[in-house]
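Structural overview
What follows is each chain in one-letter form.
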Amino acid sequence: MSVLCWGRGAAGLRRALQPCGCPGLLAKEGILGGVCGPRRSSSASPQEQDQDRRKDWGHVELLEVLQARVRQLQAESVSEVVVNRVDVARLPERGSGDGGPQPPRKVQREAKGASPVPRSGWAQRLEKDKRIRRMHMQQLEVNLQMRVQSQSKELKVRPKHLQVEPRLLSKQLAVFLAPESSWEEQLPRVLQEAPRKLSLDVGRAPPTQAQLSGQQQKLLAFFKCCLLTDHLPLAHHLLVTHHRQQQKQKWLTLDMYNTVMLGWARQGAFRELVYVLLMVKDAGLTPDLLSYAAILQCMGRRGQDAGTIERCLEQMSQEGLKLQALFTAVPLSEEEQATVLTAVHKVKPTFSLPPQPPPAVNTSMLLRDVYAKDGPVSYPKLHLPLKTLQSLFEKQLCVELASKVCVVSVEKPALPSKEVTHARKTLQTLRDHWEKALCRVLQETKNHLEGEVRKGRFSLYPFLCLLDEREVVQMLLQVLQALPAQGESFTTLARELSARTFSRHVVQRQRLSGQVQALETYYRKYLHVLASDTKVPNPCLPRQYWEALGAPEVLREQPWPLPVQMELGKQLVEMLVQATQMPSSLDNQHGSSRLVPVLYHVYSFRSVQQIGVLKPHPAYVQLLETAAEPTLTFEAVDVPMLCPPLPWTSPHTGAFLLSPTKLMRTVEGATQHQELLETCPPTALHGALDALTQLGNCAWRVNGRVLDLVLQLFQAKGCPKGRKWWMGAEEPWQTLACCMEVANAVRCSDPAAYVSHLPVHQDGSCNGLQHYAALGRDSVGAASVNLEPSDVPQDVYSGVAAQVEVFRRQDAQRGTRVAQMLEGFITRKVVKQTVMTVVYGVTRYGGRLQIEKRLRELTDFPQEFVWEASHYLVRQVFKSLQEMFSGTRAIQHWLTESARLISHMGSVVEWVTPLGIPIIQPYRLELKVKQVRGGIQTITYTHNGDISQKPNTRKQKNGFPPNFIHSLDSSHMMLTALHCYRKGLTFVSVHDCYWTHAADVAVMNQVCREQFVRLHSEPILEDLSRFLVSRFCPKPRKISQSWEARQLKETLQAVPKPGAFDLERVKHSTYFFS
């Protein structure tokens, strides 16, 4: 028999037959009209459609009649025919829009247990018709495949035409599209034309990345990427197609037009450049400095006549743009600047570039001694000679050029066996297959995405063209190899792959542009200031020496916006999943074993969120374990550098030789902080840049004896031999290392001459509270945290526990049950974490959870009272801190209230640290952006970069006090680092834990105390108040805002009054840092 399939056509229902049994009789009798019967007209009336339905239902009834006849013949023993099951697709239910009665849902099932017998002529004729119908269907499929292949070939031969000439909305500007004179002569007249309409952006600064929508960020990144991958015609095409559609034209910004214009300028393509300039005017925008830089560059490349250039410069002057600003405010390469200068010299031969300003010097009072020319200076040298450092530089350069490094695994190597050899061979065979499959999938994806751009849509095509296909494939296989057995979050993998792509692109661009050769030249000279066997004429800081060498500034590669990062990462992950397959049975790779995915996608819960996870197939995990490959592969930026890092010279230049890095990490998607740093005066950042350079220059060596013991434990599965007494210490490995170092010194013939490389730590005593006590000159608080000299160290945690115990006894005497239950359980350990974190913004809810955790660790405390007891204790801890640190709580309340009112007025909190570093809190109401683009799953991520979102008041007010205190303790650390460096000390730090060699601890302690006093001798709170008033208290625009603005100003000016503590006493406190 046959299957009757139903579906919706243009006019309702259509029908088609698919071979499934014996359709020959029906076709021969003309009952259903065959597969290729006449197609119904799309204009059929409802009455005709209803007749068609009834006719088709009649066909079904006839099928049942025929089947009944077969059963009858079987019963009469005339012949037996095995009848295949016939399924009839259900028609739409009543009410679905089609109406009418329903056909039968089921037909007779296949007769079971029937035995074959000689068939009659009727049955033979059925078989013959079945074969004819099958051959007919096969021929139809062949014809259809040939037609599809023919159409695809036509598409490849005749690609969609790329748009070059724009369609302008302004009739006045459209006349320039059919010029009567040359394009060069047209240019001055186009520049003189007024924009089509008054733009709201005229007279304002161009929007920053944070002010652009997600779609605008993606478009701008697309245009810039097309310039890097030589796809300028594609970028121009997308610009033209967006410009011609009024709705999409709103997404285009002057920066986008300028980017494409700059691309044509580099090629000297004058006509296309004028086309873009016409679109700029047609969009109601006014050319800016970058626009004129592109125009002049194009004329410089074409050797344009002086008349055209002169009129261009005149128009530029009329618009209030300064010629010198072209060379100081526009980010052009040296070659582009020279080309622009060539054009300018044709009109103004005597024009010269503005002279380089003398090196600016930081004028901060806190840093005056750091940059003083006079006075004793003893900058430390590294312990390695020049040749060794140069050799290490070569190795580091090779690592970063490869973007990865392979290291030998510390795991005990597997003994050679047939099983291991077979597993490694199998793994290599699979990787060879995956490499070819990934190359194919990557090429198919790029072809598809290029087609999307040709249709006028944004796509990731140029981003996938940044790297060589083989490099992309190797990067994907590297991620697959490192995937843990428990899997990894789909979103995390997408972020990681996007970051790796960007990093490799930055390295490749520097290699192709010749910057690597320049780096080698200048870095070899730079090592003279650090090597142990070289001297420089004038001792100076590493940054100062690097800048004095005249090293060219590396062109900054703007990080891709978050929407592009997530889409690109998602695309790469899906390609990896699609291309990697393996036999279901690894023992039968070349047989008939079916292929299964290496990665499979599941959903899991983390906290209350459902996330997608990619897990490797268990057979693949087992194969890796059996192969036990001896090497591990890491990204170059994930391992320590082999040579001294580049000195920090700007917010985006420093540390790695080639790989990109940022001066300051920020919340994902937030760009305002980086923009603040980029626009900050360079001298204001000198303190932070030099401190980070000094910290990064500290060379570390591996403690071989401790490492050997670690490896023994690792390979013995954590079963050490010996007494193991040191394992009970709070920091067991540091304890063991210290004991080994002391033993070595004691056993030395001259212990005083023993050279120790062990860093000695000096920790602040609850450092956050130390800064609060100093800010408020709080005498009681200062004594509690060792700002006040004392014969024995003061323990603030024990002090708080004692105060809580006083409150507990009072409540117990009043009959409070929970206070009575807590007798004997209030210890230093119970309250320590809450006291430590309360100055960093922990809430009562968070503090209760901390205390609850400590109480659950007490086996003899009745667990049924944990919840009630933790509620009680967190209240008493906050109350104790209020009494012990009254000045601290006043300052904390002032900071919190100021942030609340600033946020309520619609702004996020900003301030400047005592060392001049601008800080901004990027906490806004989160905007969930969903990338619904099909594939394995939808990626949802939090985007904090949209400055149009309102501030998150709760996070702003809770975050300001701890963030402000953190900015003070980082300032103290940087000041200590810079002054230690000037005195020749090796200094490193982790937060408020300062490290140096044993012989230099006394000097470091002196510097640490002096700089703390210097820092807090500045009017920190008063300076903060003045900054906040000037930044957030402008004249109100509305009468309704006047009261709120007045309240904000009064609050910001109400700085808490300080106490009477004398800061100079800190210099004599032994346990301030100890």
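Residues numbered from 1 in each chain as written. Predicted model: local features only at pLDDT ≥ 70, side-chain atom pairs only at ≥ 80, totals over all residues. Heavy atoms only, no water.

Stated formally: UniProt positions are given in the numbering used here, feature names are shortened, and annotations may be inferred rather than shown by experiment.
The protein chain carries the name DNA-directed RNA polymerase in an unreviewed UniProt entry, which gives Mandrillus leucophaeus as its organism. According to its UniProt record, the protein chain has this under Subcellular location (unreviewed entry): "Mitochondrion".

**A word on the overall build of the protein chain**
This is how the line gets drawn: Helix and strand assignments come from DSSP, with helices taken as H or I runs of at least 4 residues and strands as E runs of at least 2, each series counted from the N terminus. Residue exposure (1.4 Å probe, protein chains only): buried if accessible area is under 20% of the type maximum, exposed if over 50%, otherwise partly exposed. Contact between two residues is taken to exist if any of their heavy atoms lie within 4.5 Å; hydrogens are not considered. To be clear on the numbers: accessible area is Shrake-Rupley with a 1.4 Å probe, and residue cover counts the displayed protein chains and nothing else.
Along the backbone of the protein chain there are 39 helices and 18 strands. Counting all 1074 residues of the protein chain, 46% fall into the buried class. Contacts in the protein chain between residues at least 24 apart in sequence constitute 74% of all its contacts with a sequence separation of at least 6. With the model as given, the accessible surface of the protein chain reaches about 55800 Å², and the carbon-plus-sulfur share is 53%.

**Quick notes on helix α30 (residues 796-813)**
Quick note on the threshold: Expected span of a helix: the number of residues minus one, times 1.5 Å.
The end-to-end C-alpha separation of α30 is 26 Å, in line with the 26 Å expected for 18 residues at 1.5 Å each. Three or more residues of α30 are buried, namely V796, Y797, V800, A801, V804, E805, F807, R808, D811 and A812. Downstream of α30 by one or two residues, G815 has phi in the positive range, about 95 degrees.

**Overview of the packing of helix α28 (residues 767-776) against helix α37 (residues 1001-1017)**
Two quantities define a packed helix pair, namely the angle between the axes and the distance from one axis to the other. Quick reminder of the rule: Working convention: axes come from line fits to C-alpha atoms, limited for helices to the stretch in contact. Angles between N-to-C directions cover 0 to 180 degrees. Orientation is classified from the angle alone, with under 35 degrees giving roughly parallel, over 145 giving roughly antiparallel, 65 to 115 giving roughly perpendicular, and any other angle giving oblique. The crossing is said to be left-handed when, going from far helix to near helix, the turn is anticlockwise and less than a right angle, and right-handed when the turn is clockwise. Amino acid classes used here: Ala, Val, Leu, Ile, Met, Phe, Trp, Tyr, Cys and Pro are nonpolar; Asp, Glu, Lys and Arg are charged; the rest, including Gly, are polar.
One way to put it is that α28 packs onto α37 with a least axis distance of 10 Å and a crossing angle of 50 degrees. On the basis of their axis angle, the class for α28 and α37 is oblique. As α28 runs across α37, the sense of the crossing is right-handed. Contacts between α28 and α37 involve Q770, H771, A774 and L775 from the former and F1012, L1015 and H1016 from the latter. Grouping the constituent residues of the contact of α28 with α37 by class yields four nonpolar, three polar and no charged.

**Brief notes about the sheet that holds strand β12 (residues 760-763)**
For the record, the criterion: If DSSP finds at least two bridges between two strands, the strands pair.
A sheet is described by the order of its strands in space; here three strands give the open sequence β12-β18-β17, paired in antiparallel fashion. Bordering the open sheet on either side are β12 and β17 (988-990), each of which pairs with just one other strand. Along the sheet, successive strands turn relative to each other by an average axial angle of 25 degrees, direction set aside. Bridging between β17 and strand β18 (residues 993-996) involves three bridges; their strand directions are antiparallel. Looking at β18, one finds that V990 is bridged to C993.

**Describing the nonpolar core**
Inclusion rule: Think of a nonpolar core as a cluster: buried Ala, Val, Leu, Ile, Met, Phe, Trp, Tyr and Cys residues, connected wherever their side-chain atoms sit within 4.5 Å. Domain borders in the structure are assigned automatically or taken from a domain database.
Core analysis: the largest hydrophobic core is formed by 122 residues, its most contacted members being F223, Y257, I295, L296, L326, F463 and L572. A domain split of this core shows at least three residues from each of domain 1 (171-195 + 210-347) and domain 2 (402-641). For I295, the contacting residues outside a window of four places in its chain are L187, L191, M261, L273, L277 and C312. In this structure, Y379, M884, W894 and F1072 belong to the second largest nonpolar core, which totals 103 residues.

**Some thoughts on the sheet that holds strand β4 (residues 488-489)**
Spatial ordering of the open sheet is given by β4-β8-β7, a layout of three strands whose pairing is antiparallel. In the strand order of this sheet, the two ends are held by β4 and β7 (599-606), each with one partner.

**Details of a nonpolar patch on the surface**
Basically, it comes down to this: To count toward a patch, a residue needs a relative accessible area over 30% and no salt bridge; like charges are then connected within 9 Å, while nonpolar side chains (Val, Leu, Ile, Met, Phe, Trp, Tyr) are connected within 5 Å. Only one rule defines a salt bridge in this text: a Lys or Arg side-chain nitrogen within 4 Å of an Asp or Glu carboxyl oxygen.
On the surface, a nonpolar cluster with roughly 330 Å² of combined accessible area is contributed by V702, L707, V710 and W733. Looking at the secondary structure, you find V710 in helix α26 (residues 704-715).

**What to know about the confidence of the model for the protein chain**
Rules: Every residue carries a pLDDT, the predictor's confidence in it, which falls somewhere between 0 and 100.
For the protein chain, the average pLDDT comes to 83, and 82% of its residues sit at 70 or higher. When mean pLDDT is taken per element in the protein chain, helix α17 (residues 461-464) scores highest with 97 and strand β2 (residues 12-19) scores lowest with 33. Of the regions scoring below 50 in pLDDT, residues 53-58 engages in nine contacts with residues more than four places distant in sequence or in other chains. Confidence drops under pLDDT 50 across residues 75-117; counting only partners more than four residues distant or on other chains, this segment forms 65 contacts.

**Comments concerning the pattern of salt bridges**
Throughout the structure, instances matching the rule amount to 32 salt bridges. As a salt-bridge pair, K218 and E567 come within 2.7 Å of each other at their nearest N and O atoms. Pair noted here: K218 is in helix α6 (residues 214-228) and E567 is in helix α22 (residues 562-579), with a separation of 349 residues, a long-range link. The burial state of K218 is the same as that of E567; both residues are buried. A single network of salt bridges, built from pairs that share partners, joins E496, R500, R504 and E635.

**Remarks on the packing of aromatic side chains**
In plain terms, the rule: In this analysis, rings of Phe, Tyr and Trp, with Trp reduced to its six-membered ring, are considered paired at centre separations within 6.5 Å, and the interplanar angle assigns stacked below 30 degrees, edge-to-face beyond 60, and tilted for intermediate values. In our convention, an over-ring charge means Lys NZ or Arg CZ found within 6 Å of a ring centre and within 35 degrees of that ring's normal.
Taken as a whole and judged by the stated rule, the model has 20 aromatic pairs. Taking 5.8 Å as the distance between ring centres and 55 degrees as the angle between the ring planes, the aromatic pair formed by Y523 and Y526 counts as tilted. Residue Y523 and its partner Y526 are located together in helix α20 (residues 515-526), separated by three residues, close to a single helical turn. Like Y526, Y523 is buried. Consider the rings of F987 and Y994, whose centres lie 5.3 Å apart with planes at 70 degrees: the pair is edge-to-face. As far as the burial class goes, F987 and Y994 line up, both buried. Taken together, the aromatic side chains of F987, Y994, F1012, F1072 and F1073 make up a single cluster linked through ring pairs. One residue, K879, lies across the ring of F807, its end atom 4.4 Å from the ring centre.

**Observations concerning the side chain of E557**
Just so we agree on the cut-off: Polar contact is the term for a pair of N or O atoms within 3.5 Å; when the atoms are in protein, one must be able to donate a hydrogen and the other to accept it, and sequence-neighboring residues count only if both atoms are side-chain atoms.
Looking at the secondary structure, you find E557 in the loop between α21 (542-549) and α22. Overall, E557 belongs to the buried group, its relative accessible area being 15%. Side-chain polar atoms of E557 contact the side chain of H505, separated by 3.2 Å. Every residue in contact with E557, bar those within four places of it in the chain, is listed here: L228, F502, H505, V506 and R509.

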